[in-house]
Amino acid sequence: MKKLLLPLLILLSGWGMAQPQAAKEDGIKPVGIIKNLTDSALLDVVQRQTFRYFWDFGHPVSGLARERSNKSYDYGDEVVTTGGSGFGIMAMLVADHRKWITHEQAVNRMLKILDFLMKAESFHGAFPHWMNGATGKVIPFGRKDDGADIVETSYLFEGLLCARQYFKADNQQEGRIRGMVNNLWEEMEWNWFTRDGRPNLYWHWSPNNGWSMNFAIRGFNECMITYILAESAERYPVTPEVYFGGWAQSDFFRNGNTYYGHKLPLGFPYGGPLFFSQYTFQALNPKGLKDQYADYWEQNLNHTLINHDYCVDNPKKFKGYGENCWGLTASDNFEGYNAHAPNNDLGVITPTAALSAFPYTPEYSMKALRHFYYDLGDKIWGEYGFTDAFSESHNWYAKSYLAIDQGPIVVMIENYRSGLIWNLFMSCPEIKHGLKKLHFESPALN
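Peer 1: For helix H9 (residues 296-313), give the residues involved together with the corresponding values.
Peer 2: In a regular helix each residue adds 1.5 Å, so 18 residues correspond to 26 Å; H9 covers 25 Å between its end C-alpha atoms and thus fits that length. Its side-chain oxygen 2.9 Å from the backbone nitrogen of Trp297, Asp295 forms the N-cap of H9. Among the residues trailing H9, Asn314 stands out with phi positive, at a value near 50 degrees.

Peer 1: So what's going on with the nonpolar core? Which residues, and what values?
Peer 2: Counting residues in each nonpolar core, the largest one holds 142 residues, and the members touching the most others are Phe51, Leu160, Trp190, Met224, Tyr296, Phe372 and Phe425. Here this core gets 10 residues from one element, more than from any other, and that element is helix H5 (residues 150-166). Contacts of Trp190, omitting those with residues within four sequence positions, involve Ile150, Ser154, Phe157, Trp185, Leu201, Thr226, Leu229, Ala230, Ala233, Tyr236 and Val238.

Peer 1: Tell me what's going on with the packing of helix H3 (residues 82-98) against helix H4 (residues 103-119), and back it up with residues and numbers.
Peer 2: It is at 9 Å that the axes of H3 and H4 come closest, and there the two elements cross at 165 degrees. On the basis of their axis angle, the class for H3 and H4 is roughly antiparallel. When you trace H3 past H4, the crossing you get is left-handed. Contacts between H3 and H4 involve Ile89, Met92 and Asp96 from the former and His103, Ala106, Arg109, Met110 and Ile113 from the latter.

Peer 1: Can you break down the environment of Tyr236 residue by residue, with the values?
Peer 2: When you line up the elements, Tyr236 lands in the loop between helix H7 (224-232) and helix H8 (240-247). The class of Tyr236 is partly exposed, set by a relative accessible area of 21%. Every residue in contact with Tyr236, bar those within four places of it in the chain, is listed here: Glu186, Glu187, Met188, Glu189, Trp190 and Asn191.

Peer 1: Provide a residue-level description of the pattern of salt bridges, including the pertinent values.
Peer 2: Under the criterion given, the structure shown has nine salt bridges. One salt bridge in this structure joins Arg417 and Asp44, with 2.8 Å as the shortest N-O distance. Residue Arg417 is found in helix H13 (residues 403-417), and its partner Asp44 is found in helix H2 (residues 39-55); the two are separated by 373 residues along the sequence. For Arg417, a relative accessible area of 23% corresponds to the partly exposed category. The class of Asp44 is partly exposed, set by a relative accessible area of 29%. Across the pair Glu231 and Lys437 runs a salt bridge whose closest N-O atoms are separated by 3.2 Å. One end of the pair, Glu231, is in helix H7; the other, Lys437, is in helix H15 (residues 429-437), with 206 residues separating them in the sequence.

Peer 1: Requested: an account of the packing of aromatic side chains, with residues and values cited.
Peer 2: Counted by the stated rule, this structure contains 48 aromatic pairs. An aromatic cluster of at least three residues, connected via ring pairs, comprises Phe220, Tyr227, Tyr243, Phe244, Trp247, Phe253, Phe281, Tyr293, Tyr296 and Phe440. One residue, Arg109, lies across the ring of Trp55, its end atom 4.1 Å from the ring centre. For Arg195, the ring lying beneath its charged end belongs to Tyr202, and the centroid distance is 5.0 Å.

Quick notes on the rules
- Numbering of residues starts from 1 in every chain and runs along the sequence as written.
- With pLDDT at 70 or above as the cut-off, local features in this predicted model cover only qualifying residues; side-chain atom pairs require 80 or more to be listed or tallied, and sums for whole chains, interfaces and linings still use all residues.
- Only hydrogens and water are removed before side-chain values are computed, so all heavy atoms of the structure are retained for them.
- A run of DSSP states H or I qualifies as a helix once it reaches four residues; a run of E qualifies as a strand once it reaches two. Both are numbered from the N-terminal end.
- For a helix, the expected span equals 1.5 Å multiplied by the number of residues minus one.
- Two N or O atoms count as a polar contact when they lie within 3.5 Å, although within protein this holds only if one can serve as hydrogen donor and the other as acceptor, and sequence-adjacent residues are included solely when both atoms are side-chain atoms.
- Residues belong to one nonpolar core when they are buried, are Ala, Val, Leu, Ile, Met, Phe, Trp, Tyr or Cys, and are joined through side-chain atoms within 4.5 Å.
- With a 1.4 Å probe rolled over the protein chains alone, any residue whose accessible area is under 20% of its type maximum counts as buried; one over 50% counts as exposed, and the rest are partly exposed.
- The contact criterion used throughout is that any non-hydrogen atoms of two residues lie within 4.5 Å.
- Only the contacting stretch of a helix is used when fitting its axis, a line to C-alpha atoms as for every element, and angles between N-to-C directions run 0 to 180 degrees.
- Angle categories are assigned with fixed cut-offs, so that under 35 degrees is roughly parallel, over 145 is roughly antiparallel, 65 to 115 is roughly perpendicular, and the rest are oblique.
- Here is the rule for handedness: rotate from the far helix to the near one, and if that takes an anticlockwise turn smaller than a right angle the crossing is left-handed, while a clockwise turn gives right-handed.
- By convention in these notes, a salt bridge is any Lys or Arg side-chain nitrogen within 4 Å of a carboxyl oxygen on Asp or Glu.
- Centres within 6.5 Å make a pair out of two Phe, Tyr or Trp rings, where for Trp the six-membered ring is used; the pair is then stacked when the planes are under 30 degrees apart, edge-to-face when over 60, and tilted otherwise.
- We call a charge positioned over a ring when the NZ of a Lys or the CZ of an Arg lies within 6 Å of the ring centre and within 35 degrees of the ring normal.

Interpretation note: all reported values are geometric properties and have no functional meaning in isolation.
Dropping the structure here:
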């Protein structure tokens, strides 16, 4: 797991804690703790305030999502994140659907984003992990990670394809949105990232360093969406053998063991951090989704239940853990940043873990939400929703917000409530084709 997660973790540690910028003129007014809310009203408040991270704190030139709210290392204020921006686009569709912003505002922001992406640096159609939000130039994520990142690009395409399906009005502006998304989608050379036809996708390519990072993407983890999109492409697709011979071939693909009474078909012992069952499945609907390897609803539900039951069991006796306070995933912590999981437990609870699990465990997630909001709100509730993480054992409460943690809260709660993003993504004819190529079963394919 450490090797696979390295590209996500290597430069995300937060050293300085500068406060986020204030909301802009078209902003959504933040609210403090409101007592005695119904469950539905509380979900509204949390989704809406969390969305402010992307709306009010979005980059003013590009409209894309900033990597994080605080200073980290020396990369400055201009860094936007490709994957987090995809999450932010999906969150914006939720905001339009829920009428926190006007449809005209959503259209205008989407056009700003797409106009920027059409001119930004890309490599065989893929974007880098980080870009300068004012210029579109690459900001290196690592010394050799200064080119294409197809996993981050996949998260961006989750949002772009959903936007294409959402903005369907017969007018010039929404027609431009669809046209630009199709242009970006068609120009993404997924097959280039097989390194001359090898049975695997490779995470990175650099114009300066070529394939030197040599990072083959294999499962099971947060990268399943990359393979689904690569199989679904029309102009530069990969063959099914890349999925079967690459993604499904690793020491940590098949599991089959039982933890806390829950059988885990795929993945690492105890399932790994919860973002494995959330990032891909913000868009890809796991309900009824099956292939020869797993029932993905069972996979994601049991992954979540194992994480929950581990926190209730609390074998390391960390302060605060319990049925109302659970959720281990990658986030900031008192040492910097880490991928928290039952077998890598540092006493850090990350709100996005339980809240982005709402589709799988709504009762347990609501208990956590009420505890986070009412009992811990004075320490972790802020202008962009819940801050990134906390550790009661270490008396540490983050001041930071991260795009990749805020986005799934908005999106996955909405999938629980209405299925909005799942329905949009699964309506894409290309996605249906890609899933059929791989012999998936899904109600969306009927």
